[in-house]
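# Topology and contacts: notes
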Amino acid sequence: MSTIRVVWGAASGPTAMSSYDAALADAGVENYNLVSVSSVIPADVNVEAVGTAPDLGPAGERLTVVEARATVAGPGRASAALAWSQSVDDGPGLFYETAGETDRADVERRVREGLSAGQELRDWEFTEPRVAVESTQAESGTHTTALVLAVYGESEPIC
């Protein structure tokens, strides 16, 4: 059975891109090229919330991800959330993501509402939702990124 790992991180830096790179490092995926996909979980896949990714292959390879990401220029708060639910009997499932310059409770409420709306569009019987949230304060004069990623499997060669 394949595995999708849910990872998260937050970091600050002098620029928006440096804070994003540092947040990816906090999540353990800074050395990969990320390819974003929409939010469908294939059938017969195990989803694990792990926080920090293990070694997923050589640097520079491609990782397929669903990404929730907020970057703010301080002062402020960056929050990102990813919710997921799979259908019963190892069927397909959904990820929903949201992020913004808001607090933890707001992104969790919004991501749960989005997931519920997505479930209503499908004729699947779902398990209880799970949610991962990353939220952090951005200090004045810095850029701060909060992110949550669903990482599909291991890395693959990009060329």
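Anyway, here's the lowdown on the structure attached to this text. This is a predicted model, so every value here is computed, not measured. Every chain begins its residue count from 1, and numbering advances along the sequence as written. A pLDDT threshold of at least 70 governs which residues receive local features in this predicted model, and a stricter bar of 80 or more applies before side-chain atom pairs are shown or counted, although totals over entire chains, interfaces and linings include all residues. With hydrogens and water excluded, all non-hydrogen atoms of the structure serve as input to the side-chain values.

### Considerations on helix H1 (residues 16-27)
Note the following rule: The way it works is that DSSP assigns letters per residue, a run of H or I at least four long becomes a helix, a run of E at least two long becomes a strand, and they are numbered from the N terminus. Expected helix span is taken as 1.5 Å per residue step, with the number of steps being one fewer than the number of residues. Buried means the residue's accessible area, taken with a 1.4 Å probe over protein chains only, is under 20% of the maximum for its type, while exposed means over 50%, and partly exposed covers the values in between. Each C-beta atom gives one direction from the helix axis, and the arc is the one those directions make. Here, two residues are considered to be in contact whenever any of their heavy atoms come within 4.5 Å of each other.
Counted at 1.5 Å a residue, the expected span for H1 with its 12 residues is 16 Å, and the 17 Å between its end C-alpha atoms agrees. For H1, every residue scored as buried is listed here: Ser19, Tyr20, Ala23, Leu24 and Ala27. The arc that holds every buried residue of H1, seen down its axis, measures 140 degrees, which confines them to one face. Buried positions along H1 lie against strand S1 (2-13), strand S2 (33-36), strand S4 (45-51), strand S5 (62-73) and strand S9 (143-156). Gly28 sits one or two positions beyond H1 and adopts a positive phi of about 85 degrees.

### A few points about the sheet that holds strand S3 (residues 40-41)
Cut-off, in case you're wondering: A pair of strands is treated as paired once DSSP finds two or more bridges between them. With axes taken as lines fitted to C-alpha atoms, and helix axes fitted only over the stretch in contact, angles between N-to-C directions fall between 0 and 180 degrees.
Strands sit in the order S3-S7-S6-S8 across an open sheet of 4 strands; the sheet is antiparallel. Where the open sheet ends on each side, the last strands, each with one partner, are S3 and strand S8 (130-138). Taken together, the 2 bridges between S3 and strand S7 (residues 93-100) define a ladder with antiparallel strand orientation. In the sheet register, Ile41 faces S7, and the bridge partner there is Gly93. Packed on one face of the sheet, helix H2 (residues 104-120) meets strand S6 (76-86), S7 and S8 and runs near 145 degrees to S7.

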